[in-house]
Amino acid sequence: MQTFIHAFQAKRNADLATPSSGTSRRSFIKLMTTAGAGLTLGVHLPAFAASATDTTGAKFEPNAFIRISEDNTVTILIKHLEMGQGVTTGLATIAADELDADWALVSTEAAPANANLYNNLLFGPVQGTGGSTAIANSFMQLRVAGAKARTMLVSAAAKLWKVPASDISVSKNVVSHQASGKSSSFGELAELAAMEAVPADDAVTLKKPDQFSLIGKTGTTRKDHGKSNGTATFTQDVQIEGMLTAVVAHPPSFGAKLISVDATDAKKSPGVVDVVQIPTGVAVVAKDFWSAKVGRDKLKLEWDRSAFTKSTDDLIKEYKTLADQKGLPARVEGDASGKLATADKVLEATYYFPFLAHAAMEPMNCVVLAEDDKCEMWYGAQLPTIDQFVAASILNIKPENIAINTVFAGGSFGRRANPQSDYVAETVMIANTQRGVPIKLVWTREDDMHAGYYRPMYVQKIRASLDDQGNVDAWEQRVVGQSIAAGTSFEDFMVKDGIDNSSVEGSSTLPYRIPHFAVELHTTKSPVPVLWWRSVGHTHNAFSTETFIDQLAHAAGKDPVAYRLNMLEGHPRLKGVLKLAAEKAGWDKPLPEGSARGIALHESFRTFVAQVAEVSVKNGEIVVERVVCAVDCGVAINPSNIEAQMQGGIGFGLSQTLESEITLKDGAVVQSNFHDYKVLRFAQMPTIDVHIVPSAEPPTGVGEPGTPPIAPAVANAVFALTGQRLTDLPLRLAKS
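These figures come from a predicted structure and were not determined experimentally.

Section: the overall build of the chain
Along the backbone of the chain there are 21 helices and 31 strands. The C-alpha radius of gyration computed for the chain amounts to 27 Å, which stays within 12% of the reference 27 Å derived for 736 residues, consistent with globular compactness. For the chain, the residues scored as buried account for 59% of the 736 residues in total. Contacts in the chain between residues at least 24 apart in sequence constitute 76% of all its contacts with a sequence separation of at least 6. Summing over all exposed atoms, the chain offers an accessible surface of approximately 28500 Å²; the carbon and sulfur share of this is 50%.

Here it is, written out as C-alpha cells:
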C-alpha cells in the first residue's frame with residue numbers, strides 16, 4: 001500500500017478543518033503537496049491529544065510517544081494499528097531500547113488519531129498503517145524519542161546528585177551513579193525530568209548496534225496483551241450503555257440499484273428500532289445483532305440488476321483478448337517486440353489470477369457515537385486520518401472533532417485501509433440519523449464476502465526468447481486487470497500516464513538482466529470494487545515472473561538457482577537470500593521419491609525474500625511438505641516476530657496458491673463463507689524454517705513480503721515433480 005499513500009503530501013492546512021458540502025475526498029487529497037520525512041519529536045502533547053489517553057499518575061511526557069508514571073511504568077504510544085502483525089511489540093522495542101527501559105515495566109497504548117503528531121513519515125501528513133511501513137518509518141523517530149527521554153532523566157539525576165551526567169548509567173528503568181552509589185528509578189525521577197528542556201534531535205547520542213539490549217534479541221514477549229486469554233478488546237467487544245446494533249442489506253450484485261423498499265414487516269420485528277436507507281443499501285437498527293439480522297431478512301427490496309451481469313468466464317475471455325494486444329508501456333528497454341518477431345524460438349505462457357477476498361477473521365465493524373458538534377468512534381482504524389475526514393464530511397463538523405479510539409483489529413490484509421472508508425462511512429451515516437445514540441455496525445462474513453472489496457482479477461501473458469547460450473534475450477509481458485486507484489481520491493497521484501503502479505509492481509521492477517524488456521498494461525473497468533490485498537501487485541507478478549523464469553531455465557537446460565544467480569548482477573541482497581534459502585533447503589541434495597523442490601525469490605517493500613518449497617502429490621492433491629525461507633529485512637528488530645510474520649505470510653499465500661478464489665455469476669459473487677471460499681487449514685500448513693540475514697541496513701517491513709514467493713515456489717516444485725507447468729491460481733493438477 002506504500003506505493004499509493006506515499007504520494008500523500010505534506011501540506012495539511014486550515015482548509016481541512018472547515019467542512020464544506022462541496023468538499024470531496026479528491027479535493028482533500030489535492031490539498032496536499034510532497035512531504036518530507038520529518039520527526040515529530042520534542043513536542044509536548046497538546047490538551048486535545050492528551051485527553052484521548054489515560055494520563056492518570058503521569059509525571060513525565062517528554063514527547064508524543066513516551067510517558068513515564070510515578071509508579072515506574074513506561075507507556076509507549078503506538079501510532080500504527082495492531083492487526084496481528086506484531087507492530088505494537090516492534091515499535092515498543094525500538095523506543096524502550098534507546099530509553100534503556102525494563103521490558104517488564106513497559107506498557108503500550110494506541111495513539112490518538114492526530115496526524116500532526118502521529119503521521120506515517122513515509123505517507124506524508126497521514127496517520128495510517130500499511131505497505132509494511134510501520135517499522136521502517138518509525139525506526140529513527142522512536143529511537144530519537146527514547147534517547148531524548150533518557151537524556152532528560154540523566155540530566156535530572158545529574159543535577160539532583162550534583163555529578164557529571166557523563167558518569168551516570170541507565171539500565172532497566174534505573175538511573176545510577178556508580179561512584180556515589182546513588183540510584184533512582186524512572187518513576188522517582190519523572191517529576192524532575194519533566195522540568196528539563198527537551199533536547200534537540202542532534203543533541204542526543206543514539207546507541208551503536210552492539211549496545212542494543214532489546215533490538216535483535218529473540219524471545220521478546222509480545223505487548224499486544226490479552227489475545228491468548230480473551231481480555232483483548234476488539235471492536236466486537238465494545239459495549240456502551242444504550243448502544244444499538246445495525247446491519248445493512250447491500251445490493252445483491254455489483255452495480256445494482258435500489259428500486260423500492262417495503263420495511264413494514266422489518267419494523268414490526270422484535271427488537272428493531274428503525275430502518276434507514278443509506279447510499280450503500282438499507283440499514284436495520286435494533287437492540288442487538290440477532291434482532292437486526294432477523295429484521296433485515298424481513299425487508300422486501302426490489303433491485304435493478306441490469307447494470308452488470310457478467311460472470312467470471314466472460315471476464316476471462318475479455319482479458320485474454322486484451323492480453324494479445326499491445327498495451328500501455330509500463331517499462332521499456334531495448335526492442336523486445338522486434339527481437340521476439342525474429343527469434344527462432346519463442347516461449348510463452350498465459351496466467352490467470354482470480355478475484356480474492358481479504359477474509360480477515362474479524363469482519364468489518366465499527367462503533368460510532370455522533371452528537372451535535374462532535375463524534376467518537378471505536379474500531380480498528382487503519383487509516384484514521386482519511387476516516388476522520390470522511391466522517392466529518394458526513395456529519396458536517398470539523399475533522400479534529402472526530403475522536404477515534406483505536407482497538408485491536410482481527411486482521412485486515414488491506415481491507416480496513418479503504419479510500420472510501422466504506423464500513424466506517426456506513427456507520428457514521430446510520431449514527432447521523434440516531435444522534436446521541438451509540439451505533440455498532442456489524443458486517444457478517446457473508447456481507448464481507450458479497451459486498452466487500454477484492455484483490456483485482458488479472459490475466460497476464462509473457463513471451464520471451466533465449467540466445468545461443470540460453471540467456472534471456474527478450475521479454476514481453478502484458479498485464480490485464482482493474483486499477484485499484486481509478487475512481488478514488490488517490491487516482492491523480494497513483495496513476496501516471498495511464499499506469500497504476502499497483503498493477504505492474506514486481507514485473508516492471510523485475511531485477512533480472514534482460515537486454516530487451518517490455519511490460520505493458522491494459523486497465524479494465526468494472527463495477528466490482530477492488531482494493532490492495534496483502535502484498536498488492538506483487539501477489540500476481542511474483543508468480544508470473546518467477547514461474548516463467550523457471551520455465552526459461554528448464555528450456556535452457558540450466559539449474560534454476562544458478563540461472564537466477566547469473567541474471568542478478570548488481571543485486572547482492574537478492575543473491576544473498578537466494579543462496580541462503582538454497583543452502584538451508586539442501587537444494588543440491590536429493591529428496592525421497594515422490595517429492596520435489598521449487599524455488600522463487602522476490603523483493604517487495606524493500607525486503608528481499610527467497611523460498612524453497614518441497615511438495616508431494618497425495619490423492620491427486622498438491623501437498624506442501626516444507627518451506628525454507630530466507631529474508632533480508634535490514635536490522636532485525638524482533639527476530640521472533642519476523643519469523644512469525646514469514647510463517648503467517650507463507651500460510652496466507654498458500655491459501656491463494658491452493659484454495660482461494662472469488663468467482664462471479666450474473667454480476668454477483670458466488671462464494672459466501674469459508675465453506676466455499678476456502679483458505680488453508682491447519683492440517684495443510686507445512687513445516688517452515690525461517691532464516692534471517694544479519695544486516696546493518698535500515699529495517700524494512702515483514703508483514704507482506706513473505707507472501708509473494710510462496711505460490712511460484714510451489715508451482716515450480718509441482719513442475720519438477722509432475723512435469724505440469726501450472727499457470728492459473730489456485731493450482732489444480734490435470735486429472736490423469
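Structural notes on the nonpolar core
Core analysis: the largest hydrophobic core is formed by 75 residues, its most contacted members being Trp-475, Phe-548 and Val-714. Residue contacts for Phe-548: discarding those within four places in its chain leaves Leu-347, Glu-348, Ala-349, Tyr-351, Ile-462, Arg-463, Ala-464 and Trp-475.

What about the pattern of salt bridges?
All chains considered together, the criterion is met by 35 salt bridges. The closest approach of N and O atoms between Lys-227 and Asp-224, which form a salt bridge, is 3.0 Å. For Lys-227, a relative accessible area of 34% puts it in the partly exposed group. With a relative accessible area of 5%, Asp-224 lands in the buried category. Here Arg-415 ties to Asp-448 by a salt bridge, and the two come within 3.5 Å at their closest N and O atoms. Here Asp-448 lies in helix α14 (residues 445-451) and Arg-415 lies in the loop between β18 (402-406) and α13 (422-432), a separation of 33 residues in the sequence. Neither residue differs from the other here; Arg-415 and Asp-448 are each classed as buried. The structure contains a network of salt bridges with shared partners spanning Lys-326, Arg-463, Glu-476, Arg-478 and Glu-520.

Points about the confidence of the model for the chain
Do not read the predicted coordinates in detail wherever pLDDT is low. In this model, the chain carries an average pLDDT of 92, and 92% of its residues clear a pLDDT of 70 or more. Scored below 50 in pLDDT, residues 1-56 makes 141 contacts in the model with residues more than four places away or belonging to other chains.

Some words on the sheet that holds strand β11 (residues 281-286)
The strands making up a sheet associate through hydrogen bonds between their backbones, and the pairing can be parallel or antiparallel. Read across the open sheet, the seven strands follow the order β10-β11-β8-β19-β16-β17-β18; overall the sheet is mixed. Each end of this open sheet is capped by a strand with a single partner; those strands are β10 (272-278) and β18. Going across the sheet, the axis of each strand differs from the next one's by a mean of 25°, ignoring polarity. The sheet contact formed by strand β16 (residues 365-370) and strand β19 (residues 439-442) spans four bridges and is antiparallel. Bridging from a neighbouring strand, Cys-366 pairs with Leu-441 of β19.

Describing the packing of helix α6 (residues 134-161) against helix α7 (residues 186-193)
Contact pair α6 / α7: the axes reach a minimum separation of 9 Å and the direction vectors enclose 85°. Relative to α7, the element α6 lies roughly perpendicular. Two secondary-structure elements touch here, α6 through Met-152, Leu-153, Ala-156, Ala-157 and Leu-160 and α7 through Phe-186, Leu-189, Leu-192 and Ala-193. Across the contact of α6 with α7, the residue classes break down as nine nonpolar, no polar and no charged.

Considering the packing of aromatic side chains
Scanning all chains against the criterion turns up 12 aromatic pairs. With centroids separated by 6.4 Å and ring planes inclined at 15°, the aromatic side chains of Tyr-351 and Phe-353 adopt a geometry described as stacked. A residue is classified by how much of its surface remains accessible, and Tyr-351, at 1% relative accessible area, is buried. Here Phe-353 falls in the buried class, since its relative accessible area comes to 0%. Members of the aromatic cluster, each reached through a chain of ring pairs, are Tyr-351, Phe-353 and Phe-543. Positioned above the aromatic ring of Trp-533 is the side chain of Arg-455, whose terminal nitrogen or guanidinium carbon lies 5.7 Å from the ring centre. One cation-aromatic arrangement involves Arg-534 over Phe-652; the distance from NZ or CZ to the ring centre is 5.1 Å.

Here we look at unusual backbone geometry
Geometrically, the link from Leu-729 to Pro-730 is a cis peptide bond, its omega value of -5° lying close to zero. Tracing the sequence through the fold places Pro-730 in the segment after α21 (710-722). The phi dihedral of Phe-605 is positive, around 55°, even though this residue is not glycine. Residue class for Phe-605 comes out buried when judged on its relative accessible area of 9%.

Thoughts on the packing of helix α4 (residues 87-99) against α6
At a closest axis distance of 6 Å, the pairing of α4 and α6 adopts a crossing angle of 35°. As for the relative orientation of α4 and α6, their crossing is right-handed in sense. Here Val-87, Gly-90, Leu-91, Ile-94, Ala-95, Glu-98 and Leu-99 of α4 lie close against α6, whose contacting residues are Ala-134, Ile-135, Ser-138, Phe-139, Leu-142, Arg-143, Gly-146, Ala-147, Ala-149, Arg-150 and Leu-153. Along the lines of polarity and charge, the residues of the contact of α4 with α6 split into 12 nonpolar, three polar and three charged.

Description of the environment of Thr-108
Mapping Thr-108 onto the fold places it in strand β4 (residues 106-110). Thr-108 gets classed as partly exposed once you look at its relative accessible area, which sits at 24%. Beyond its immediate chain neighbours, meaning those up to four positions away, Thr-108 contacts Ile-76, Ile-78, Thr-88, Ala-92 and Lys-223. Within the structure, the side chain of Thr-108 is placed 3.2 Å from the backbone oxygen of Lys-223, a separation counted as a polar contact.

Some words on helix α17 (residues 538-556)
For α17, built from 19 residues, the straight-helix expectation of 27 Å at 1.5 Å per residue is met to within 8% by its first-to-last C-alpha distance of 26 Å. For α17, the tally of buried residues reaches 16 of 19 residues, placing the bulk of the element in the interior. The positive-phi residue at the C-terminal boundary of α17 is Gly-557, with phi of around 70°.

Focus: the side chain of Ser-660
Inspection of the secondary structure assignment puts Ser-660 in the loop between α20 (639-658) and β29 (664-665). The class for Ser-660 is buried, based on a relative accessible area of 3%. Only 2.6 Å separates the side chain of Ser-660 from the backbone oxygen of Lys-678, close enough to count as a polar contact.

Description of a positive patch on the surface
A cluster of basic side chains, namely Lys-678, Arg-681, Arg-732 and Lys-735, defines a positive patch on the protein surface. Residue position: Lys-678 is located in the loop between β30 (668-669) and β31 (687-692).

Description of helix α12 (residues 384-395)
The terminal C-alpha atoms of α12 lie 16 Å apart, and with 12 residues this matches the ideal 16 Å at 1.5 Å per residue to within 8%. Residues Pro-384, Thr-385, Ile-386, Asp-387, Gln-388, Phe-389, Val-390, Ala-391, Ala-392 and Leu-395 constitute the buried set of α12.

Criteria and cut-off values
Residues numbered from 1 in each chain as written. Predicted model: local features only at pLDDT ≥ 70, side-chain atom pairs only at ≥ 80, totals over all residues. Heavy atoms only, no water. Helix = DSSP H or I, 4+ residues; strand = E, 2+ residues; numbered from the N terminus. Rg over C-alpha atoms; globule rule 2.2 N^0.38 Å. Buried < 20%, exposed > 50% of the residue type's maximum accessible area, 1.4 Å probe, protein only. Contact = heavy atoms within 4.5 Å. Areas by Shrake-Rupley, 256 points an atom, 1.4 Å probe, with all protein chains shown as cover. Core = buried A, V, L, I, M, F, W, Y, C linked by side-chain atoms within 4.5 Å. Salt bridge = Lys/Arg side-chain N within 4 Å of Asp/Glu carboxyl O. pLDDT = per-residue confidence, 0-100. Pairing = 2+ DSSP bridges. Axes fitted to C-alpha atoms, helices over the stretch in contact; angles between N-to-C directions. Parallel < 35°, antiparallel > 145°, perpendicular 65-115°, else oblique. Nonpolar A, V, L, I, M, F, W, Y, C, P; charged D, E, K, R; others polar. Phe/Tyr/Trp six-rings, centres within 6.5 Å; stacked < 30°, edge-to-face > 60°. Lys NZ or Arg CZ within 6 Å of the ring centre and 35° of its normal. Left-handed = near helix turned anticlockwise from the far one by under 90°. Polar contact = N/O pair within 3.5 Å; in protein donor to acceptor, adjacent residues only side chain to side chain. Expected span 1.5 Å × (residues − 1). Patch = residues over 30% accessible without salt bridge, like charges linked within 9 Å, V, L, I, M, F, W, Y side chains within 5 Å. Lys, Arg positive; Asp, Glu negative; His and termini not counted. Charge placed at Lys NZ, Arg CZ, Asp CG, Glu CD.

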